[in-house]
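Spelled out from the first residue to the last, the chains are:
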Amino acid sequence: MRPKVKVCGLTRPEDARAATRAGADYLGAIFYQRSPRYVNLDTLEDLVFAMPEGKRVMVDVAPEDMVLEDRIELGFDFYQLHFDLSVPVERIKGWSEITGVNRLWLAPRIPSGTAFPEKLLELADTFVLDNYKPDTFGGSGKAGGWDRFAKWKAAYPNKCFVLAGGLGPDNVVAAYAATKAEVLDLNSGVESAPGIKDQAKLSRAIHAVRNLK
């Protein structure tokens with residue numbers, strides 16, 4: 001069974017439509033203000049309108065409960081939340097209660113050599129793993145950590161694991177072969193500039209995934 005594809009860091013409606021035409025299964029918009037792909041609320045309506053229902057993923061970093069509750073009203077289907085392992089589990093439980101376990105994608109920032117935080121398993125059905133970078137929440141832009149990903153995916157087969165980090169047309173096939181990820185997350189590897197998708201790279205990457213055996 002082939003993996004699904006998420007195109008993240010979308011900032012323009014035309015890129016959302018291009019990703020949909022190319023066959024993306026999920027489309028992500030980033031609400032973290034320190035991200036170069038941050039989506040301003042003033043431009044959000046047009047972007048969300050260009051995303052088909054059932055594919056919309058809101059991405060943020062450790063939001064307050066009230067902020068997350070407000071975002072529920074914006075029309076997203078899934079909520080990808082990045083955070084440090086220092087965040088209290090009770091706070092993460094709050095996110096899970098607001099979104100529902102099936103709509104929450106947890107993206108813990110896990111340092112190299114650290115065990116998977118099993119206390120989180122009951123709080124979400126989906127986990128996003130990026131190559132660890134100490135000063136960045138997701139969006140490392142660097143491929144890696146594939147062995148660790150494959151190990152954890154095999155250890156928790158009842159969960160969905162999303163592989164992120166520097167994926168593009170030239171390495172997406174190798175990434176899947178090494179990890180067997182259920183979802184491959186494309187972002188910087190299919191861009192011409194932060195938040196601006198290169199439609200040729202995007203199409204090549206998704207086509208490569210579609211042709212996996």
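The paragraphs below set out a description of the structure included in this document.

1. Some words on the overall build of the protein
Link 1 in the chain: Regarding its fold elements, the protein presents seven helices and 10 strands.
Link 2 in the chain: With the C-alpha coordinates aligned to their principal axes, the bounding extent of the protein is approximately 45 × 40 × 30 Å.
Link 3 in the chain: The 213 residues of the protein split such that 51% are buried.
Link 4 in the chain: Sequence separation of at least 24 residues holds for 58% of the intrachain contacts in the protein that already meet a minimum separation of 6.
Link 5 in the chain: As displayed, the protein has an accessible area near 9,900 Å², and 50% of this comes from carbon and sulfur atoms.
Link 6 in the chain: Placing the 28 positive and 28 negative side-chain charges of the protein at their respective mean positions leaves the two points 8 Å apart.

2. Examining the environment of Val172
Link 1 in the chain: If you trace the backbone, Val172 turns up in helix α6 (residues 172-179).
Link 2 in the chain: Residue classification places Val172 among the buried positions, given a relative accessible area of 0%.
Link 3 in the chain: Leave out the neighbours within four places in its chain, and Val172 touches Leu184, Leu186, Ala205, Ala208 and Val209.

3. Focus: the side chain of Asp77
Link 1 in the chain: Among the secondary structure elements, Asp77 is positioned in the loop between α3 (65-72) and β4 (78-84).
Link 2 in the chain: The side chain of Asp77 sits in the buried core without any salt bridge; Arg56 is the nearest counter-charge, 4.8 Å away.
Link 3 in the chain: Only 3.2 Å separates the side chain of Asp77 from the backbone nitrogen of Lys55, close enough to count as a polar contact.
Link 4 in the chain: Contacts of Asp77, omitting those with residues within four sequence positions, involve Pro52, Glu53, Gly54, Lys55, Arg56 and Arg103.

4. Some details on the sheet that holds β4
Sheet strands line up and pair through hydrogen bonds in the backbone, either parallel or antiparallel.
Link 1 in the chain: Strands sit in the order β1-β2-β3-β4-β5-β6-β7-β8 around a closed barrel of eight strands; the barrel is parallel. Across the sheet, the axes of successive neighbouring strands diverge by a mean angle of 25°, strand direction being ignored.
Link 2 in the chain: With two bridges connecting them, strand β7 (residues 160-163) and strand β8 (residues 183-186) associate as parallel partners. Note that in β8 the partner of Leu163 across the bridge is Leu184.

5. Considerations on the layout of surface pockets
Link 1 in the chain: Approximately 160 Å³ is the volume attributed to the second largest pocket.
Link 2 in the chain: Every residue lining the second largest pocket is counted, 13 residues in all, and those nearest its centre are Phe31, Gln33, Asp60, Val67 and Arg71.
Link 3 in the chain: For the lining of the second largest pocket, the elements supplying multiple residues, two or more each, are β3 (56-61) and α3.
Link 4 in the chain: Grouping the amino acids of the lining of the second largest pocket by side-chain chemistry returns nine nonpolar, one polar and three charged.

6. Describing the packing of helix α5 (residues 146-155) against α6
Link 1 in the chain: α6 packs onto α5 with a crossing angle of 45° between their chain directions and a minimal axis gap of 8 Å. Taken together, the axes of α5 and α6 lie oblique to each other. Listed contacts from α6 to Trp146, Phe149, Ala150 and Lys153 of α5 are Ala174, Ala175, Ala178 and Thr179.
Link 2 in the chain: When grouped by side-chain class, the residues that make up the contact of α5 with α6 number six nonpolar, one polar and one charged.

Calculation notes
Residues numbered from 1 in each chain as written. Predicted model: local features only at pLDDT ≥ 70, side-chain atom pairs only at ≥ 80, totals over all residues. Heavy atoms only, no water. Helix = DSSP H or I, 4+ residues; strand = E, 2+ residues; numbered from the N terminus. Buried < 20%, exposed > 50% of the residue type's maximum accessible area, 1.4 Å probe, protein only. Contact = heavy atoms within 4.5 Å. Areas by Shrake-Rupley, 256 points an atom, 1.4 Å probe, with all protein chains shown as cover. Lys, Arg positive; Asp, Glu negative; His and termini not counted. Charge placed at Lys NZ, Arg CZ, Asp CG, Glu CD. Salt bridge = Lys/Arg side-chain N within 4 Å of Asp/Glu carboxyl O. Polar contact = N/O pair within 3.5 Å; in protein donor to acceptor, adjacent residues only side chain to side chain. Pairing = 2+ DSSP bridges. Axes fitted to C-alpha atoms, helices over the stretch in contact; angles between N-to-C directions. 1 Å grid on protein atoms, 1.4 Å probe; cavity = no way out; pocket = protein on both sides within 12 Å on 5 of 7 lines; lining within 4 Å. Points joined across faces, edges and corners; volume = space filled by probe spheres on them. Nonpolar A, V, L, I, M, F, W, Y, C, P; charged D, E, K, R; others polar. Parallel < 35°, antiparallel > 145°, perpendicular 65-115°, else oblique.

These figures capture arrangement, not role.
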